[in-house]
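Next come the chains, spelled out residue by residue.
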Amino acid sequence: MKILLINPNTSQSVSDLIEAEARRAAAPGTQVSVLTAPFGVAYIETRFESLIGAYATATLAAEHCDEHDAIVVAAFGDPGIDGLREVLDIPVVGLTEAALMSACLLGKRFSIVAISHRITAWYRECVAANGLSDRLASIRNLDNPLKDIGRVQEDHTTRLEALCLSAVRDDGADVIIIAGAPLAGLARSIRDRIPVPVVDGVSSAVCHAQTLVSLGTLPARQGSFAPPPVKPNHGLPEGIARLLARDRMQR
């Protein structure tokens, strides 16, 4: 089984964190590869930046989907995930959706620990889009400027742990979700010190992707995730144009 994780951020240091955690989570025999967005922002924090990241992810997915059994959109917020599910014949999993589903299997109410305040409104919208607002206990976040996105864990682990404990003690969280690719692997390193389950988006996404591949389901040929109708287009990258030219109904 081959799983491709695409980092919609442009930070190679974040991709390194993603790859390390993905390899720890992968089952024996699963091959993991990671690609970094060729354009965009260092780390996605706003809706508009997510829009850019979604397009960067789509360009890489279009180029490499035929070589893999599943794709993981490796940024919290899952930029572009629903659109990719329309055009790809393989499972597409996002960090947010995977982490939320894992959390719901481990407890009733979950809290999200995030890297900045600006990101929290968008994260609430992501939870709502997944129909889980009534299970969200809180979103807690770092409030200091980030000097180096690849060193957030080293710079802020003590504060991140404190946020997790506050979410349990003050907000009634049954599960903690550590949000965002820059925090990949943190859940594994602090889980012994947090009194409730701690969920990592990267490892959740890899495990869910493996499950979906193993189930062997077929892609949608009807319904809202059927592929877009073939129509004229202009100025698109070759890979995306090729995806749009596919007619899943005829295959």
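It should be noted that the structure appears before, not after, this text.
Attention in this report is confined to the structure presented alongside it. (Residues numbered from 1 in each chain as written. Predicted model: local features only at pLDDT ≥ 70, side-chain atom pairs only at ≥ 80, totals over all residues. Heavy atoms only, no water.)

**Topic: the packing of aromatic side chains**
Applied cut-off: Ring geometry is summarised as follows: Phe, Tyr and Trp rings, the Trp one being its six-membered ring, pair when their centres sit within 6.5 Å, and such pairs are stacked at plane angles under 30 degrees, edge-to-face over 60 and tilted between the two. In DSSP terms, a helix is any run of H or I states spanning at least four residues, a strand is any run of E spanning at least two, and both are numbered starting from the N terminus. Exposure is judged per residue with a 1.4 Å probe applied to protein chains only, and the accessible area is read against the type maximum: over 50% gives exposed, under 20% gives buried, and values in between give partly exposed.
What the rule picks out here adds up to three aromatic pairs. The interplanar angle of 65° and the centroid separation of 4.8 Å between the aromatic rings of Phe 76 and Tyr 123 together place this pair among those described as edge-to-face. In this pair, Phe 76 is assigned in the loop between strand 3 (70–73) and helix 3 (81–87) and Tyr 123 in helix 5 (residues 120–129), connecting sequence segments 47 residues apart. Since its relative accessible area comes to 4%, Phe 76 is described here as buried. Relative accessible area serves as the criterion here: at 3%, Tyr 123 is assigned to the buried category.

**Digging into the pairing of strand 5 (residues 110–114)**
Our working rule: Strands pair, by our definition, only if DSSP identifies at least two bridges between them. If the strands point away from the viewer and the path from the first strand over the helix to the second runs clockwise, then the crossover is right-handed.
Where burial is concerned, most of strand 5 is hidden: five out of the five residues are buried. What you see with strand 5 is no split at all: Phe 110, Ile 112 and Ala 114 on one side and Ser 111 and Val 113 on the other are buried throughout. In this structure, strand 5 lies alongside strand 6 (residues 136–141), joined through five bridges in parallel fashion. The residue bridging Ser 111 from the neighbouring strand is Ser 138, located in strand 6. For the crossover from strand 5 across helix 5 to strand 6, the handedness is right-handed.

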